[in-house]
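Reading the structure
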Amino acid sequence: MYGVTTMERKRAKNRLLHILKIAPVLKAIFLSSDPIETKREKIRAFLADMLWATFDDDPTIPPLEWVLTRDAIGVFKSILSKRSERLSQFSFLNYVNDLLNDNDLGDLPNPSPDFLAEFEHVLRGVMGKTGIYAEKIPAFAKYKGKKAANLRSADLSRLARTIDQFIDRYLSGLDEDVIERRKINQSRILDYFSASASDWDDWRWQTKHIIRNADTLSELIELPDEEYKAVKLARENRIPFGITPYYLSLMDPRPSEFDRAVRRQVIPTPGYVEKMMVLKNCEDCSMDFMLERDTSPIEGITRRYPKIAILKPILTCPQICVYCQRNWEIEDVYSLSAVQSKKSLEKAIAWIANTPELSEILITGGDPLLFSDERVESLLASLSQIKHLERIRIGTRIPVTLPQRITENLIRSISRFHEPGKRELLIVTHFESAYEITPQSMEAVQRFRRQGMEVYNQLVYTFYNSRKFEAVFLRNKLRSIGVAPYYTFNTKGKEETDDYRVPIARLLQEQKEEARLYPGTVRTDEIVFNIPGLGKNYLKAAQHHDLISILPDGRRVYEFHPWEKKMFLVNTYVYTDVSIYNYLKKLKAAGETISDYRTVWYYY
């Protein structure tokens, strides 16, 4: 075992030395006999010289590479700082130095391929050698006037055709052949339950027949062994699981590349279940990732911002998203015991009434549209009597998972509280994939729209919907049914959701290279990371976060700034991301061409 470790160490050192050929000056500094602090200062001086060279228009750095160089230098300088070492509890500088000079690593492991890949790309960025740009300047740049315009237009058309090659890989639930396939799925499910088409359209029938166990599920769709075992283990350990018959009909009888995001919404991975079992049986572990206990002044209320608060009158849904933010509070799918007591709800509403600084309330949970029409109306009536509330937002995934619930009667119960000029009532839903968009979900959305209510979407960006232009395809289809893209959320760093998480660099790449290529009316959402206890951090704005380290396993460590940082003294939040290298490996295993994602390393 010792020999293997030594051999791995030698290979890692040789690989590092090879990478350092990109930056000979840095190689000489690392291999010198100088004390570590002298090396730190010399590297800083080298980076400062490189930064000045970029701003002095160094002809050795190709056009636009200087932007990548500037950014990479900033990252490297951040990683070298002692403050970053303290926050991340890891010294990148010491680690690389010890590896190259055969020093004892202590408890630290040998560098992973993930770490070596990160190190190489940082150095390529610093030295202006990323190689991501074509050497030739576009032809249109050599001309002016109509000729330049025509050449530019031709280039844009070629780019559009390239985009279409990606887009054409995906299907929408509005495609005619998909609609026909789902009619067959519906018939098969109805036959299984000995039910009729009128039953299918009854939302109460749907909730009474939620699929709650692996055996029933495996009789209705083909279920790989690991998924069967994961669902079975989840139920044995009281981990919420359930799928409405309607949502099950959106899954292909056999797993396909088209329904993968649909399946992964509700069918847990083995890793998720195993981690959930550990967390549920750990007395000292908290699953309250968002620190809602620390931002809840009264039961049923969460408040992180000056003008808006969250009201949670119910903590269950017709089915539970695997990566649910509140899985620590949710006992089961469609659980009757999950409703906030009448007395507690009245206290929460009274608290809202006695907090005149609030102008908006988000009703969520759980899913508040699981209430009866009368209860929904009663809740909205109570809130509408609070004069300082200008806006009531309803967070619901029911248009996606149970569109039968959006009846004309429910719409009447809700829409009468939408009074333009006085009070806005709007819907925020959660489509994850264009494969979830169906004629039924479109009609549910349009019922709100016909009453003048806006419908917005919050997309959670997971591994299962993160392929090239996949989110763009979804946003485009959402606009076509009347839903405005609102937020794209980074999957929260909850331990149990590691199988779902995507590197922050990929969100930035998606927004700046894919969403940016579509009209502004389609790319209206904002990429955010909801920081525990602090609220939303807007990822596109580089000034809101810093990359402060890269760990031996290749994971980046970020420091996120609170939204109120220019107003109050509030702590920052340190977050360890998932590995870009490992993410790309998973994409490759899923059939993606990794070179299509090559620029992801240069997003920080």
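Small disclaimer: the values here were computed from a predicted structure and weren't measured. (Residues numbered from 1 in each chain as written. Predicted model: local features only at pLDDT ≥ 70, side-chain atom pairs only at ≥ 80, totals over all residues. Heavy atoms only, no water.)

Take the pairing of strand β5 (residues 424-429) next. The side chains of a regular strand alternate, residue by residue, between the two faces of the sheet. A large share of β5 lies buried, amounting to five of its six residues. With five bridges connecting them, strand β4 (residues 391-395) and β5 associate as parallel partners. Following the sheet pairing, isoleucine 392 is matched in β5 by leucine 425. (Buried < 20%, exposed > 50% of the residue type's maximum accessible area, 1.4 Å probe, protein only. Helix = DSSP H or I, 4+ residues; strand = E, 2+ residues; numbered from the N terminus. Pairing = 2+ DSSP bridges.)

Our next topic: the side chain of lysine 39. With respect to the helices, strands and loops of the structure, lysine 39 is situated in helix α3 (residues 36-55). Despite its burial, lysine 39 pairs with no opposite charge; the closest candidate is aspartate 34, at 7.0 Å N-O. Those residues in contact with lysine 39 that lie beyond four places of it in its chain are Ile29, Phe30, Ser32, Asp34, Asn97 and Asn101. (Lys, Arg positive; Asp, Glu negative; His and termini not counted. Salt bridge = Lys/Arg side-chain N within 4 Å of Asp/Glu carboxyl O. Contact = heavy atoms within 4.5 Å.)

A word on the sheet that holds strand β11 (residues 556-560). Read across the open sheet, the three strands follow the order β10-β11-β12; overall the sheet is antiparallel. Only two strands of the sheet have a single neighbouring strand rather than two, namely β10 (545-550) and β12 (573-576). Within this sheet the neighbouring strands show an average axis-to-axis angle of 25°, counted without direction. Alignment of β10 against β11, held across five bridges, turns out to be antiparallel. The residue bridging histidine 545 from the neighbouring strand is phenylalanine 560, located in β11. (Axes fitted to C-alpha atoms, helices over the stretch in contact; angles between N-to-C directions.)

Of all the nine residues making up helix α6 (residues 92-100), eight are buried; the element is thus mostly covered by neighbouring parts of the structure. Phi for aspartate 102, located one or two positions after α6, is positive at around 60°.

In the contact formed by helix α7 (residues 113-126) and helix α24 (residues 580-589), the axes pass within 8 Å of each other and the chain directions differ by 110°. In terms of orientation, α7 lies roughly perpendicular with respect to α24. Counting all contacts with α7, which are made through Pro113, Asp114, Ala117 and Glu118, the residues of α24 involved are Ile580, Tyr581 and Asn582. Here the residues of the contact of α7 with α24 sort into four nonpolar, one polar and two charged. (Parallel < 35°, antiparallel > 145°, perpendicular 65-115°, else oblique. Nonpolar A, V, L, I, M, F, W, Y, C, P; charged D, E, K, R; others polar.)

Bringing unusual backbone geometry into the picture now. Looking along the chain, the bond that leaves glycine 365 and enters glycine 366 is cis, with omega of 15°. With respect to the element layout, glycine 366 can be found in the loop between β3 (360-363) and α18 (373-384). Although it is not a glycine, glutamine 89 adopts a positive phi angle of roughly 60°. In this fold, glutamine 89 is placed in the loop between α5 (82-88) and α6.

With that out of the way, let us pick up the packing of aromatic side chains. Each aromatic ring pair is summarised here by two numbers: the centre-to-centre distance and the angle between the ring planes. Per the counting criterion, the structure on display carries 25 aromatic pairs. Residues phenylalanine 115 and phenylalanine 119 carry aromatic rings whose centres are separated by 6.4 Å and whose planes lie at 15° to one another, so their mutual orientation is stacked. Of the two residues, phenylalanine 115 and phenylalanine 119 are both situated in helix α7; the distance of four residues between them amounts to about one turn of the helix. You can call phenylalanine 115 buried: its relative accessible area is 0%. Members of the aromatic cluster, joined through ring pairs, are Phe76, Phe90, Phe92, Tyr95, Phe115 and Phe119. Sitting over the ring of tryptophan 203, arginine 405 keeps its end group 4.2 Å from the ring centre. Lysine 586 extends its terminal NZ or CZ atom over the ring of phenylalanine 463, reaching a point 4.4 Å from the ring centre. (Phe/Tyr/Trp six-rings, centres within 6.5 Å; stacked < 30°, edge-to-face > 60°. Lys NZ or Arg CZ within 6 Å of the ring centre and 35° of its normal.)

Here we come to the sheet that holds β3. If you trace the nine strands from one edge of the open sheet to the other, you get β1-β2-β3-β4-β5-β6-β7-β8-β9, paired in mixed fashion. Because the sheet does not close on itself, it has two edges, and the strands there are β1 (301-302) and β9 (535-538). Sheet topology note: the strand β7 (residues 484-490)/strand β8 (residues 526-531) ladder contains three bridges and is parallel. Opposite tyrosine 487, over in β8, you have glutamate 526 as the bridge partner.

The biggest cluster of nonpolar side chains holds 167 residues, and the ones touching the most others in it are Leu217, Leu383 and Ile414. When near neighbours in sequence (up to four residues on either side) are disregarded, leucine 217 contacts Ile211, Leu223, Val231, Phe241, Ile243, Leu248 and Ile267. In this structure, Ile210, Ile320, Cys324 and Val333 belong to the second largest nonpolar core, which totals six residues. (Core = buried A, V, L, I, M, F, W, Y, C linked by side-chain atoms within 4.5 Å.)

Here the focus is the pairing of β4. Counted residue by residue, β4 has four buried out of five residues, so it is predominantly covered. Relative to β4, β3 is paired through four bridges, and the arrangement is parallel. Bridging from a neighbouring strand, leucine 362 pairs with arginine 393 of β4. Handedness of the crossover joining β3 and β4 through α18: right-handed. (Right-handed = clockwise from strand over helix to strand, strands pointing away.)

Before going further, it helps to spend a moment on a nonpolar patch on the surface. A cluster of nonpolar side chains, contributed by Trp52, Phe55, Leu64, Trp66 and Tyr133, occupies part of the molecular surface with about 560 Å² of accessible area. With respect to the helices, strands and loops of the structure, leucine 64 is situated in the loop between α3 and α4 (65-80). (Patch = residues over 30% accessible without salt bridge, like charges linked within 9 Å, V, L, I, M, F, W, Y side chains within 5 Å. Areas by Shrake-Rupley, 256 points an atom, 1.4 Å probe, with all protein chains shown as cover.)

Turning our eyes to something else, we now look at the pattern of salt bridges. According to the stated counting rule, one finds 41 salt bridges in the structure shown. Residue glutamate 360 pairs with arginine 391 through a salt bridge whose shortest N-O separation is 3.3 Å. In this pair, glutamate 360 sits in strand β3 while arginine 391 sits in strand β4, placing the two residues 31 residues apart along the sequence. Overall, glutamate 360 belongs to the buried group, its relative accessible area being 11%. Here glutamate 424 makes a salt bridge to arginine 391, at a shortest N to O gap of 2.6 Å. Separated by 33 residues along the polypeptide, glutamate 424 in strand β5 and arginine 391 in strand β4 bring together distant segments of the chain.

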